[in-house]
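Descriptive analysis of the structure
Okay, here's what each chain looks like letter by letter:
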Amino acid sequence: MLAIGLVLNTLGIGLFCWAIFALAVYALPFFVALSIGMTAFQSGAGLIGALLLGTAGGALTLVLGRIAVAVARSLALRIAIATAFAIPATVAGYHVAFALSQIGMPSLAWREILACLGAVCIGGTTWARLTAFAEPRPLELAGLVENPSHPVLPTATREG
């Protein structure tokens, strides 16, 4: 009976950690949806109206964020958008890792270390998942832009 409990606890914690990493990208859209929904409810939109407005706001935030990262030509703009999505996920990851570390670790210092490592991992995962849709532009990163009048690699002409 003890072995079944250990296996089920391990599977449960593993499933919970998988869900955290899979849902980390949605931290900012969830926050936006919750804020819009609460504001709409407090202003008298009713329960159904608040749910619809919140869901639409969260979905619009996620779609516009992914499109903006994929379409943006400026590296600084891509970094700013990805950071806006990664920061709430990092904060949520810190709190989740801290709460999970309280289960089996009595030392506050080690709980903080584990929470910081969890925050970095979840924030990095969010960053990677959001920027996966961005088209790489290696020449722009180096400051080189393709110009037809000045080719990057000049072609040699052979006269025979």
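Cut-off values and rules
Residues numbered from 1 in each chain as written. Predicted model: local features only at pLDDT ≥ 70, side-chain atom pairs only at ≥ 80, totals over all residues. Heavy atoms only, no water. Helix = DSSP H or I, 4+ residues; strand = E, 2+ residues; numbered from the N terminus. Buried < 20%, exposed > 50% of the residue type's maximum accessible area, 1.4 Å probe, protein only. Contact = heavy atoms within 4.5 Å. Patch = residues over 30% accessible without salt bridge, like charges linked within 9 Å, V, L, I, M, F, W, Y side chains within 5 Å. Areas by Shrake-Rupley, 256 points an atom, 1.4 Å probe, with all protein chains shown as cover. Salt bridge = Lys/Arg side-chain N within 4 Å of Asp/Glu carboxyl O. Axes fitted to C-alpha atoms, helices over the stretch in contact; angles between N-to-C directions. Parallel < 35°, antiparallel > 145°, perpendicular 65-115°, else oblique. Left-handed = near helix turned anticlockwise from the far one by under 90°. Nonpolar A, V, L, I, M, F, W, Y, C, P; charged D, E, K, R; others polar. Expected span 1.5 Å × (residues − 1). Core = buried A, V, L, I, M, F, W, Y, C linked by side-chain atoms within 4.5 Å. Polar contact = N/O pair within 3.5 Å; in protein donor to acceptor, adjacent residues only side chain to side chain.

1. Thoughts on the overall build of the chain
When helices and strands are tallied, the chain shows 6 helices and 0 strands. Overall, the chain shows an N-to-C arrangement of helices and strands of α-α-α-α-α-α. With 160 residues in all, the chain has 25% of them scored as buried. Long-range pairs, those at least 24 residues apart, make up 68% of the contacts in the chain with a sequence separation of at least 6.

2. Concerning a nonpolar patch on the surface
Taken together, Met1, Ile4, Val7, Leu8 and Leu11 make up a surface patch of nonpolar side chains, about 590 Å² in accessible area. Along the chain, Ile4 falls in helix H1 (residues 2–23).

3. Side note on the environment of Phe31
With respect to the helices, strands and loops of the structure, Phe31 is situated in helix H2 (residues 27–42). For Phe31, a relative accessible area of 53% corresponds to the exposed category. For the pair Phe31 and Gly58, spaced 27 residues apart in the sequence, the C-alpha separation amounts to 7.7 Å.

4. Some thoughts on the packing of H2 against helix H3 (residues 46–71)
The packing of two helices is summarised by the inter-axis angle and the distance between the axes. At a minimum axis distance of 7 Å, the contact between H2 and H3 shows a crossing angle of 150 degrees. What the angle tells us is that H2 and H3 run roughly antiparallel. For the crossing formed where H2 meets H3, the hand is right-handed. The residues of H3 that touch H2, namely those facing Leu28, Pro29, Val32, Ala33, Ile36, Gly37, Ala40 and Phe41, are Gly46, Leu47, Ala50, Leu53, Gly54, Gly57, Gly58, Thr61 and Leu62. A class-by-class count of the residues in the contact of H2 with H3 yields 11 nonpolar, 6 polar and no charged.

5. As for helix H5 (residues 108–131)
The end-to-end C-alpha distance of H5 is 34 Å, a good match for the 34 Å that 24 residues give at a rise of 1.5 Å each. For H5, the complete set of buried residues consists of Arg111, Ala115, Gly118, Ala119, Ile122, Gly123, Thr126 and Leu130. Among the structural elements, H1, H3 and helix H4 (75–104) are those in contact with the buried residues of H5.

6. What about the nonpolar core?
Among the nonpolar cores identified, the biggest contains 9 residues, and these are Val25, Leu28, Val32, Leu62, Val69, Ile81, Ala82, Phe85 and Leu130. For this core, the secondary structure elements donating two or more residues are H2, H3 and H4. Per-element tally for this core: the top contributor is H4, with 3 residues. Discounting residues that sit within four places of it in the chain, Ala82 has contacts with Val69, Trp127, Leu130 and Thr131. The next biggest cluster of nonpolar side chains, apart from the first, holds 5 residues, and it includes Ala24, Ala27, Ala89 and Ile122.

7. Looking at the packing of H3 against H4
At a closest axis distance of 9 Å, the pairing of H3 and H4 adopts a crossing angle of 150 degrees. Considering their axes alone, H3 and H4 lie roughly antiparallel with respect to each other. For the pair H3 and H4, the crossing hand works out as left-handed. Within the contact between the two elements, H3 uses Thr61, Leu62, Gly65, Ala68 and Val69 and H4 uses Arg78, Ile81, Ala82 and Phe85. Residue composition of the contact of H3 with H4, by class: 6 nonpolar, 2 polar and 1 charged.

8. Notes on the side chain of Thr61
Along the polypeptide, Thr61 turns up in helix H3. Under the relative-accessibility criterion, Thr61 is labelled buried at 19%. There is a polar contact of 2.7 Å between the side chain of Thr61 and the backbone oxygen of Gly57.

Spatial relationships are all this shows, so hold off on functional conclusions.
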